[in-house]
Number of protein chains: 2
Amino acid sequence: MAAATSSQLDVRHAAIRRALEALGLDALIVTAPANIRYLTNHAGSAGTLVAAARAMHLLLDFRYQESARLLQASPFACPALKVWPVTASYDEALLECLAATGVTTVGFEAGHLTVARHEWLVRTAAARSVAVTLRPTERVVEQARVVKDDGEVTTLREAARRLTPVARAAFEMVRPGTTERAVAARVEAALREAGFERPAFDTIVASGPNAALPHYRAGDRVLERGDVVVLDFGGVLDGYCSDLTRTVAVAPPSAEAYRVHQAVREAQQAAIDAVRPGIATTDVDRAARRVLEAHGLGEAFGHGTGHGLGLDVHEEPRVTRPRADVAPVPLEPGMVFTIEPGAYLPGWGGVRIEDDVLVTARGCEVLTSVPYALIPD
Amino acid sequence: MAAATSSQLDVRHAAIRRALEALGLDALIVTAPANIRYLTNHAGSAGTLVAAARAMHLLLDFRYQESARLLQASPFACPALKVWPVTASYDEALLECLAATGVTTVGFEAGHLTVARHEWLVRTAAARSVAVTLRPTERVVEQARVVKDDGEVTTLREAARRLTPVARAAFEMVRPGTTERAVAARVEAALREAGFERPAFDTIVASGPNAALPHYRAGDRVLERGDVVVLDFGGVLDGYCSDLTRTVAVAPPSAEAYRVHQAVREAQQAAIDAVRPGIATTDVDRAARRVLEAHGLGEAFGHGTGHGLGLDVHEEPRVTRPRADVAPVPLEPGMVFTIEPGAYLPGWGGVRIEDDVLVTARGCEVLTSVPYALIPD
């Protein structure tokens, strides 16, 4: 497993400690699995972290004790890690840890902790006279994660690169008589063959009218001549996600298929061309949207243009229209996200084209490398 | 897609409405995706439901409008469904829906809603003079889901049955020179061949010393003669999860491998034999634990004996030791869960054996059907 080195973790810890200091917090309770992995290399599906000034207190149940021990004996050991075994519940262990370490003003991740866990912690701390005040925080670790370090960029670049043979395998399956599900199975086998540990999300193979459903997955529909097929898939490599969409046709495509495909491709290239440091995420979205509007397809493009990629397959930055709940973000070198406009016409079908891009010092590096043609060579 | 019929949904709605009445609530905000699917058949990754006395208000963004329309035109239409399009954020749309429907005392799922969403809703409702009081609820829909209806049992039985050929394919791959990852790839291809829509969780192939890590996944380790290999996999069929573990050896197994395997198998059978209506989940756990303790492997069995299976791969009931945070549940006919004791010996390896069981009127039906031998035929 390639993971962050101890010195990379040191840099991440320093960033979190600066954030805690600015917020007047003694420690941060981290409950989102990807945030825990980012700060400790612990990749389990359970775990709670208390990130404090002097130590990273990682609470782990029986299932993860041995893997944590092995990790700490490797070059990917987490600096200043203290493992707390969880014997009853995670929240019992958390209260014990908070009491034992003597932290008093402690942040929690309001975007991840549930109301039930929060209420239990507050109520039980009071009942047991644990002198701790819990304060909501937003995006403390996410803000650090949005700009990737060199190791992360290397992994994301490699993950994107490995989608090329997977796409080729998918294209070969797109022919009359194949089911969507068979194409999806081939894609997932090819992801494994390419060395991915698992698919980053449920593979989408949406053919004919199904392609009008942006989040359709794959079903029993049999591909027919003239079908337009949206193929959307990605893999996880060393924890980091890749994500690609191509839309191809079972020959012969209709004139409408060529028209919509061309418009979406133009929109996608316009958004890619807009990417550079300092430009806002909403401007990247605008670049794609303007092209589709010019083609009379503005209404057919109902979702955002892209999303960040990293330890989560959907993370910051969100590349969307101006929205009340998503602040536009100025792009910085090291950000990695998808560019994936689409056009969906109920009854007819749809087209989506997606690449993964890295913001560089001068502009943009497209990490994925797969031909765009509606009829692949 | 096989989903709940409209009349099955009617029964589920009636159960939720009775629960709301008992709690003095006008409506329930449902945010857990599996709970939304259970009540509406909507299977998307986004969506918010307001379950009220007269209607099921389903808030959906652009991506799901067309699939909801198609679902409502099918035999699986959700009764009394009203779809609300989400144009800005889900929580904006939720407040509009609450204001428009005039409900005033509204429950939310405290175990799923985050502190951040809750605070935004409370603050914004006050600022906009929406006269709604939000009340935390726990397990309203989960309590209905724990006893499966006939349609769910049929699907879960079929999902478990389809693991037999997958296990056979996995066993054939267990030989010297194969990597764990190659075995996992074969398992996942076989899951697709068996008609599953996707794996229910990351496939585990843990060989040799890796088998001592209960939640190891699959890596580059090459299988060797004498290895003990834990194979843990499952598939999702029409939304419902199956889950199976077998532990097999690359010949020739050591005496210790036979000893530990035999002990775990005895423990597993003891737990299966304990299953019948009225017995507590903690007693099922106790039956397995007692056998392992008698074999001197009590300390080596650090996790619970099982978990419920349904729309989630880990749901109620939890089959565990008595714990402060998990109430023992008396078994009822229609409950479906796993029985999966294990023994993990750091440095040596581990053994886990898992089947899926249904509580019947008189005892227990084992849904999975795969031989247990350490050296498969």
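Per chain, residues are indexed from 1 in the order of the written sequence. Here chains are named by letter from A upward and ligands by number from 1 upward, in the order in which they appear as written. Given that this is a predicted model, residues contribute local features only at a pLDDT of at least 70 and side-chain atom pairs are listed and counted only at 80 or more, while totals for whole chains, interfaces and linings are drawn from all residues.

Glancing now at the overall build of chain A. Every helix listed is a DSSP run of H or I at least four residues long, and every strand listed is a run of E at least two residues long, numbered separately from the N terminus. Helix and strand counts for chain A stand at 11 helices and 19 strands. Both definitions apply: the radius of gyration is a C-alpha atom measure, and the globule rule equals 2.2 Å times residues to the power 0.38. In terms of C-alpha radius of gyration, chain A reaches 23 Å, essentially the compact-globule figure of 21 Å for 377 residues. With the principal axes as the frame, chain A shows a C-alpha extent of 70 × 40 × 40 Å. Around each residue's C-beta, the other C-beta atoms within 10 Å are counted; 20 or more make the residue buried, 12 or fewer make it exposed, and counts in between make it partly exposed. All C-beta atoms are placed from the backbone. In chain A, which comprises 377 residues, the proportion classed as buried is 50%. Once C-beta atoms have been placed from the backbone, residue pairs whose C-beta atoms lie within 7 Å are recorded as contacts. The contacts of chain A with a sequence gap of at least 6 include a subset with a gap of at least 24, amounting to 70%.

Moving on, we get to the domain arrangement of chain A. Residue and element names in this part refer to chain A. Note that domain bounds follow an automatic or database assignment of domains. Parsing chain A into structural domains produces domain 1 (6–145) and domain 2 (150–366). Put simply, the middle of domain 1 and the middle of domain 2, counted by C-alpha atoms, are 34 Å apart. Of all the elements in the fold, those that place two or more residues in the side of domain 1 that touches domain 2 are α2 (33–40) and α6 (140–145). If one sorts the elements of the side of domain 1 that touches domain 2 by residue count, α2 sits on top with three residues. Looking at the side of domain 1 that touches domain 2 residue by residue, the class counts come to three nonpolar, one polar and three charged. The classification used treats Ala, Val, Leu, Ile, Met, Phe, Trp, Tyr, Cys and Pro as nonpolar, Asp, Glu, Lys and Arg as charged, and all other residues, Gly among them, as polar.

Residue and element names in this part refer to chain A. Along the polypeptide, G363 turns up in the loop between β18 (355–359) and β19 (364–366). Through-space distance from the C-alpha of G363 to that of R276 is 4.0 Å; in sequence the pair is 87 residues apart. Not counting the four nearest positions on each side in its chain, G363 is found in contact with V275 and R276.

Quick look at the interface of chain A and chain B now. On the chain B side, the residues contacting the 40 residues of chain A number 41 residues. Residue contributions to the side of chain A that touches chain B peak at five residues, all from helix α3 (residues 62–72) of chain A. The residue inventory of the side of chain A that touches chain B, partitioned by class, reads 16 nonpolar, 11 polar and 13 charged.

Below, the discussion takes up the packing of helix α9 (residues 180–193) of chain A against helix α9 (residues 180–193) of chain B. Running from N to C, α9 of chain A and α9 of chain B point in directions that differ by 175 degrees, and their axes come no closer than 10 Å. In terms of their interaxial angle, α9 of chain A and α9 of chain B are classed as roughly antiparallel. Judged by residue contacts, A185, E188, A189 and R192 of chain A of α9 of chain A engage R181, A185, E188, A189 and R192 of chain B from α9 of chain B. Per-class residue counts for the contact of α9 of chain A with α9 of chain B are four nonpolar, no polar and five charged. A fitted line through C-alpha atoms serves as each axis, taken over the contacting stretch for helices, and the angle formed by two N-to-C directions is quoted from 0 to 180°. Here the angle decides the label: under 35 degrees means roughly parallel, over 145 means roughly antiparallel, 65 to 115 means roughly perpendicular, and every other value means oblique.

Take the relation of the copies chain A and chain B next. Once chain A is rotated about the relating axis by 180 degrees and shifted along it by 0.0 Å, it coincides with chain B to within an RMSD of 0.0 Å. The operation mapping one copy onto its partner corresponds to a two-fold rotation axis. Proximity to the rotation axis, assessed at the C-alpha, singles out T114 of chain A in chain A; its C-alpha lies 2.0 Å from the axis. Of the residues that chain A buries at the interface, 100% are likewise interface residues in chain B, meaning the two copies contact each other through the same surface. Residues reaching a pLDDT of at least 70 in both copies supply the C-alpha atoms on which the copies are superposed by least squares.

What follows deals with the sheet that holds strand β6 (residues 133–137) of chain A. Residues and elements named next belong to chain A. Two strands qualify as a pair provided that DSSP identifies no fewer than 2 bridges between them. Spatial ordering of the open sheet is given by β4-β3-β2-β1-β5-β6, a layout of six strands whose pairing is mixed. Each end of this open sheet is capped by a strand with a single partner; those strands are β4 (81–86) and β6. On average, adjacent strands in this sheet sit at an angle of 25 degrees to one another, irrespective of strand direction. Each of β1 (27–30), β2 (48–52), β3 (56–61), β5 (105–109) and β6 touches helix α1 (residues 6–23); the most contacted strand, β1, lies at about 115 degrees to it.

What follows concerns the nonpolar core. In globular proteins that are soluble, nonpolar side chains generally tend to be buried together. The biggest cluster of nonpolar side chains holds 232 residues, and the ones touching the most others in it are V229 of chain A together with V229 of chain B. In contact with V229 of chain B, not counting residues within four places along its chain, are V174, V205, A206, S207, A211, L223, T247, V248 and V250 of chain B. Residues enter a nonpolar core if they are buried, belong to Ala, Val, Leu, Ile, Met, Phe, Trp, Tyr or Cys, and are joined to the set through C-beta atoms within 7 Å.

Attention now goes to helix α7 (residues 150–161) of chain A. All names here are of chain A. Helix span, as expected, comes to 1.5 Å for every residue beyond the first. Between its terminal C-alpha atoms α7 stretches 16 Å, which fits the 16 Å expected from 12 residues at 1.5 Å a residue. Turning to α7, its buried residues are E152, T155, L156, A159 and A160. The buried residues of α7 all sit within an arc of 130 degrees when viewed along its axis, so they share a single face. Turning to α7, the residues buried within the fold contact α8 (163–173), β10 (235–237), β11 (240–241), β15 (336–339) and β18. Working note: the arc is built from the helix axis to C-beta atom directions.

A few words on the confidence of the model for chain A. Confidence of the predictor at the level of single residues is given by pLDDT, which spans 0 to 100. Scored by pLDDT, chain A has a mean of 95; 100% of the residues are at 70 or more. Interface confidence for the predicted complex, expressed as ipTM, amounts to 0.88; the pTM equals 0.90.

What follows is about α8 of chain A. Residues and elements named next belong to chain A. Those residues of α8 not exposed but buried are L163, V166, A167, A170, F171 and M173. Buried residues of α8 fall within an arc of 155 degrees about the axis and therefore sit on the same side. Considering only its buried residues, α8 is in contact with α7, α9, β9 (228–233), β10 and β12 (244–249).

All names here are of chain B. Contact geometry for helix α8 (residues 163–173) and α9: axes closest at 9 Å, N-to-C directions at 155 degrees. As judged from the angle between their axes, α8 and α9 are roughly antiparallel. The chirality of how α8 crosses α9 is right-handed. The segment α8 lies against α9, with P165, V166, A169, A170 and M173 engaging A182, V183, R186, V187, A190 and L191. Whether a crossing is left-handed or right-handed is set by the direction in which the near helix is turned from the far one by less than a right angle, anticlockwise for left-handed and clockwise for right-handed.

Geometrically, the link from A251 of chain A to P252 of chain A is a cis peptide bond, its omega value of -5 degrees lying close to zero. Unusually for a residue other than glycine, S129 of chain B sits at a positive phi of about 55 degrees. Take S129 of chain B: it is sitting in the loop between α5 (115–127) and β6 (133–137). A positive phi angle, close to 60 degrees, is found at R139 of chain B, a residue other than glycine. Note that R139 of chain B resides in the loop between β6 and α6 (140–145).

Moving on: the sheet that holds strand β8 (residues 204–207) of chain B. All names here are of chain B. Strand order in the open sheet formed by three strands is β8-β9-β12, with antiparallel pairing between adjacent strands. The open sheet has two free edges, formed respectively by β8 and β12 (244–249), since each of these has just one partner strand. Averaged over neighbouring strand pairs, the angle between their axes works out to 15 degrees when direction is ignored. The pairing of β8 with strand β9 (residues 228–233) spans four bridges and is classified as antiparallel. Within the sheet, the bridge partner assigned to S207 lies in β9 and is V229. Against the sheet, α9 touches β8 and β9, its axis set at about 150 degrees to β8.

Let us now look at the environment of A144 of chain A. Residues and elements named next belong to chain A. Tracing the sequence through the fold places A144 in helix α6. Overall, the presence of 20 C-beta atoms within 10 Å leaves A144 in the buried class. A sequence separation of 201 residues divides A144 from L345, and the C-alpha atoms of the two residues are 39 Å apart. Contact partners of A144, with chain neighbours within four places excluded, come to R12, A15 and I16.

All names here are of chain A. Extensive coverage of β18 is indicated by the burial of five of its five residues. Judged by which residues are buried, β18 turns out to be covered on both faces: D355, V357 and V359 on one side and D356 and L358 on the other are all buried. Sheet topology places β15 next to β18; four bridges connect them, and they run antiparallel. What sits directly across from I339, in β18, is D355. Alignment of β18 against β19, held across three bridges, turns out to be antiparallel.

Turning to the pairing of strand β16 (residues 342–345) of chain A, a few remarks are in order. Residue and element names in this part refer to chain A. Two strands pair when backbone bridges link them, and β16 and strand β17 (residues 349–352) are joined in this way by four bridges, in the antiparallel orientation. Residue pairing in the sheet places A343 in a bridge with V351 of β17. As consecutive antiparallel partners, β16 and β17 are separated by three residues, and within that stretch G347 has a phi angle of approximately 90 degrees, a positive value.

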